[in-house]
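Inside the fold
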Amino acid sequence: MPPVRKVLIANRGEIAVRILRTCRAMGIGSVAVYSDADADAPHVRLADEAVPIGPAPARESYLVVDKLIAAAAATGADAVHPGYGFLAENARFAAAVNEAGLTFIGPPPQAIATMGDKVAARALMEQAGVPVVPATPVLPAEPAAFAEAAATLGFPVVIKAAAGGGGKGMRIVRRVEELPEAVAGAAREAAAAFGDGRIYLERYLERPRHVEVQVFADTHGTVVHLGERECSIQRRHQKIVEESPSPAVDAALRAAMTDAGIRAAAAVDYVGAGTIEFLLDEQGRFYFLEMNTRLQVEHPVTEWITGLDLVREQILVAGGAPLSCEHVTPRGHAMECRIYSEDPAHGFLPATGTVHVLAEPSGAWVRFDSGIAAGTRVGVDYDPLLAKLSTFGATREEARTRMLAALRETVLLGVVTNRDYLQAVVAHPAFAAGATHTQFLDAHFAGWTPPAGRHADTAAALAALALAGPAARRDDGGADAGSAVPTPWEALGAWRPGGGAR
Amino acid sequence: MSIRKTVVVDGAPRAVDVQGRDDALTVRVDDAPFELALGRAGTAWRVTRDGRVLAATVVRDRDTVWIAIDGEIHRCVAGDDARTGGTGGGVRSPRVTAPMPGKVLAVRVTVGQQVAAGDPLVVLEAMKMETIVGADGDARVQEVLVETGAMIEPGQVLVVLEFA
């Protein structure tokens, strides 16, 4: 495999910007692609070259394999980085890139395909000695069969539909007396929902933590781990706060989990950066959830504690180089908050608008990854992740308080974001104590509303002045009639210092 | 010169009264008085209150004013148009509006139909998420202004109700 000389980034937003920066730092060429909605996006401006690939909807642009490969061919790129999301875990895309004579910066298509099939992945992990959540095969829908299985697995258990998904046909059972009704109910519900009444039993994990292991493998057979990340703070199964190391993992558990992670990666002949996700129960037992065969959103926390640039390692490994990170000793503590355009006070509804002002936080051990700038229009076509804020400290508490200070410095005006919600989460005593689990937000933040703030009445006065200002004049037919945003000074309108009314 | 205005600050309506000159303003918010002095600080506003000097960034986007001050972000909306869809507080409006931009997945009512509080009127989709816009009270459907498949903007009127 020849070293990579020019990378096409088949993505957008913050991850495209992040990959482009590494290309620039490595002195290799970069090609961005963009949809009609992204013509003015930061990733387009940062790239050496940029190729338009069609209309805003992703299925007509960022998800069209042929357009991406044609863009690589037209610009002479010799490698493709998929980022995360879009086509990053699409085995057919990886294969198509390879078939076009280009280097796919990621694992072999077969590894993507195997880990993408949840049933096959579970079976393979069991073979490789990676713990999976104890479960039975499909059982006859009779209480006796389930009672016997439950005795082996240990309560609580959960009945699941073989054809399952979306929680339908699921019943959590804590006592044997509850089984007859639960078995009948689950079978009935499964049949109604999926036309398939087959059910089975699995051990139910109470308030598990989400802990994942970062692995890295090269084409020379070396597989290493880069520690774990805890990502338990989730809403609707989407992570919003991540950190490394996990407050729940000690040296012995870390050795066991990272060892399992390496076995999982080796079992699929993995190459490149990958993540093995585990659920960790309250007794300290861990179970394979799935493997993400790509760079994770939360990779910056691993970069903080290892001092590595994971994208650089990806590009080097894709070019056939042996791993440079074989002997890394993680140090310190890192935390990441995901800033989304959504309204946590109203069911996390996605929010849109124009970013009028963006003040990025800065200072020692603060990193801000974003794909937006002042003027960026946040629409409905793509994922609402706007930016990732990460901080580092010698201890967890240092990283946490630094995060609170950096969130306070993060100012985005024009689009509703979850910033205040993140501040409340990171400031919460249970979070500060490291008592995190995947139901944390439901347990502590149901019905959350933003704090009133100390300056709400001052803000009310400033808003009244701004609303009484020049926009009304413009609406009366000025040259800018209809223009939405006066400069801050214009918004001050009649209230000029020393001037009185205009 | 004086300004009297209702401003909805972060969802809560506030009655604002501002009197005087920029360097000596007397403000009442919900009848609580305080003094403010304003000046220019680069692209920001210099706000002096109770001897403390703060910088405020103020941007106006049509009827919405965004304010960043001392680490806080406030979204302020001009009085009467503050309410959108089922997500705001305050008085119920016969004009049911979209809380977010997106696509109309389904229209669940027809003109003349009687609906009860909470009945779904329109199902919207944005960023692969479904949201049901429901009736704020018992009402008769007077107008339906969107159809399935239509792209909508936040604040766009979807349905007009006549409350019982």
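What you see is a predicted model, and the numbers here were worked out from it, not measured in a lab.

The rules behind the values
- Residues numbered from 1 in each chain as written.
- Chains lettered and ligands numbered in written order.
- Predicted model: local features only at pLDDT ≥ 70, side-chain atom pairs only at ≥ 80, totals over all residues.
- Heavy atoms only, no water.
- Helix = DSSP H or I, 4+ residues; strand = E, 2+ residues; numbered from the N terminus.
- Contact = heavy atoms within 4.5 Å.
- Areas by Shrake-Rupley, 256 points an atom, 1.4 Å probe, with all protein chains shown as cover.
- Rg over C-alpha atoms; globule rule 2.2 N^0.38 Å.
- Buried < 20%, exposed > 50% of the residue type's maximum accessible area, 1.4 Å probe, protein only.
- Lys, Arg positive; Asp, Glu negative; His and termini not counted.
- Charge placed at Lys NZ, Arg CZ, Asp CG, Glu CD.
- Buried area = accessible area lost by both parts, 1.4 Å probe.
- Salt bridge = Lys/Arg side-chain N within 4 Å of Asp/Glu carboxyl O.
- Polar contact = N/O pair within 3.5 Å; in protein donor to acceptor, adjacent residues only side chain to side chain.
- Nonpolar A, V, L, I, M, F, W, Y, C, P; charged D, E, K, R; others polar.
- 1 Å grid on protein atoms, 1.4 Å probe; cavity = no way out; pocket = protein on both sides within 12 Å on 5 of 7 lines; lining within 4 Å.
- Points joined across faces, edges and corners; volume = space filled by probe spheres on them.
- pLDDT = per-residue confidence, 0-100.
- Core = buried A, V, L, I, M, F, W, Y, C linked by side-chain atoms within 4.5 Å.
- Phe/Tyr/Trp six-rings, centres within 6.5 Å; stacked < 30°, edge-to-face > 60°.
- Lys NZ or Arg CZ within 6 Å of the ring centre and 35° of its normal.
- Pairing = 2+ DSSP bridges.
- Axes fitted to C-alpha atoms, helices over the stretch in contact; angles between N-to-C directions.

Some thoughts on the overall build of chain B
Each helix and strand counted, chain B has zero helices and 16 strands in total. Intrachain contacts of chain B at a sequence separation of at least 6 include 38% that bridge at least 24 residues. Summed over all atoms, the accessible surface of chain B reaches about 8,000 Å², with 47% contributed by carbon and sulfur.

Topic: the overall build of chain A
The helix and strand inventory of chain A stands at 18 helices and 22 strands. Taking 2.2 N^0.38 as the reference for a compact globule, 502 residues should give roughly 23 Å; the C-alpha atoms of chain A span a radius of gyration of 25 Å, in line with that estimate. Its C-alpha atoms give chain A principal-axis dimensions of about 85 × 60 × 50 Å. Looking at the 502 residues of chain A, the share that counts as buried comes to 57%. Pairs at least 24 apart in sequence give 64% of the contacts found in chain A among residues at least 6 apart. About 19,500 Å² of surface is accessible on chain A, with carbon and sulfur atoms providing 53% of the total. Averaging the coordinates of the 46 positive side-chain charges in chain A and doing the same for the 57 negative ones gives two points 3 Å apart.

Side note on the interface of chain B and chain A
On the side of chain A, 60 residues touch chain B, which itself brings 57 residues to the contact. Carbon and sulfur atoms make up 72% of the area that chain B and chain A hide from each other, which totals about 5,000 Å². Viewed at the interface, chain A and chain B are joined by three salt bridges. The tally of links from chain B across to chain A stands at 11 residue pairs in polar contact (both at pLDDT 80 or more). No other element matches strand β6 (residues 52-61) of chain B, which puts eight residues into the side of chain B that touches chain A. Among the residues forming the side of chain B that touches chain A, the class breakdown is 33 nonpolar, nine polar and 15 charged.

Some points on the pattern of salt bridges
All names here are of chain A. If you walk through the whole model with that rule in mind, you get 42 salt bridges over all chains. D196 is paired through a salt bridge with R198; the nearest N and O atoms lie 3.0 Å apart. Of the residues examined, D196 reaches a relative accessible area of 16% and is grouped as buried. With its nearest N and O atoms 2.9 Å apart, the salt bridge here joins E212 to K239. One end of the pair, E212, is in strand β9 (residues 209-217); the other, K239, is in strand β11 (residues 238-244), with 27 residues separating them in the sequence. The class of E212 is buried, set by a relative accessible area of 0%. When salt bridges that share partners are traced, they join E212, R229, K239, E242, E277, E298 and R338 into one network.

Re empty space enclosed by the protein
Residues and elements named next belong to chain A. Throughout the structure, instances matching the rule amount to two cavities of 30 Å³ or more. There is about 40 Å³ of room inside the second largest cavity. Contributing to the lining of the second largest cavity are H81, P82, G83, A88, I105, G106, P107, T293, R294, L295 and Q314. For the lining of the second largest cavity, the residue count by class is five nonpolar, five polar and one charged.

Considering unusual backbone geometry
Geometrically, the link from F155 of chain A to P156 of chain A is a cis peptide bond, its omega value of -5 degrees lying close to zero. Along the polypeptide, P156 of chain A turns up in the loop between α7 (143-153) and β6 (157-161). With an omega of -5 degrees, the peptide bond running from S244 of chain A to P245 of chain A counts as cis. Here P245 of chain A lies in the loop between β11 and α9 (251-267). Of note, F86 of chain A is a non-glycine position whose phi angle comes to about 40 degrees, a positive value. Following the sequence through the fold, F86 of chain A ends up in the loop between β4 (79-81) and α4 (91-99). The class of F86 of chain A is partly exposed, set by a relative accessible area of 30%. The residue D10 of chain B is not glycine, and still its phi comes out positive at about 50 degrees. As for its position among the elements, D10 of chain B is in the loop between β1 (2-9) and β2 (12-21). The class for D10 of chain B is partly exposed, based on a relative accessible area of 37%.

A word on the confidence of the model for chain A
Taken as a whole, chain A shows an average pLDDT of 91; of its residues, 92% reach a score of 70 or greater. Low pLDDT (under 50) marks residues 471-502 of chain A, which in the prediction has 64 contacts with non-local residues, meaning those over four places away or in another chain.

Here we look at the nonpolar core
Soluble globular proteins: nonpolar side chains tend toward being buried together. In terms of nonpolar packing, the biggest core is built from 63 residues, with V241 and V425 of chain A touching the most fellow members. Judged by nonpolar contacts, the second largest core, of 31 residues, contains A460 and A461 of chain A together with L36 and V65 of chain B.

Some details on the packing of aromatic side chains
Aromatic rings in a pair are described by how distant their centres are and how their planes are angled relative to each other. Residues and elements named next belong to chain A. Inspection of every chain in the model, using the stated rule, returns 12 aromatic pairs over all chains. Between the aromatic rings of Y62 and F86, the centroid separation amounts to 5.2 Å while the plane-to-plane angle is 15 degrees, which identifies the pairing as stacked. Of this pair, Y62 sits in the loop between β3 (49-52) and α3 (65-75) while F86 sits in the loop between β4 and α4, and the two are 24 residues apart along the sequence. On the basis of relative accessible area, Y62 is assigned to the buried category, the value being 0%. Ring-pair connections join several aromatic residues into one group, and the members of that group are F348, Y421, F440, F445 and W448. The ring of Y340 carries the charged tip of R235 above its face, separated from the ring centre by 5.3 Å. Taking NZ or CZ as reference, R235 lies 5.2 Å from the ring centre of F348, over its face.

Section: the sheet that holds strand β7 (residues 171-173) of chain A
All names here are of chain A. One open sheet accounts for three strands, arranged β7-β6-β8; its pairing is antiparallel. Of all strands in the sheet, those bounded by a partner on one side alone are β7 and β8 (199-203). Taken pair by pair, the neighbouring strands of this sheet meet at an average axis angle of 30 degrees, ignoring direction. Sheet strands touched by α7: β6 and β8. Its angle to β8, the strand with the most contacts, is close to 20 degrees.

Quick notes on the sheet that holds strand β13 (residues 286-292) of chain A
By definition, the strands of a sheet pair up through backbone hydrogen bonds, in either a parallel or an antiparallel sense. Residues and elements named next belong to chain A. With antiparallel pairing, eight strands are arranged side by side in an open sheet as β13-β12-β9-β10-β11-β14-β21-β19. Of all strands in the sheet, those with a lone pairing partner are β13 and β19 (366-370), marking the two edges. Across this sheet, the average inter-strand angle for adjacent strands is 25 degrees, counted without regard to direction. Sheet topology note: the β9/strand β10 (residues 223-235) ladder contains six bridges and is antiparallel. Across the sheet, residue A217 finds its bridge partner in β10, namely V223. Sheet contacts for helix α11 (residues 310-318): β9, β10 and β12 (272-280); angle to β9, the most-contacted strand, approximately 40 degrees.

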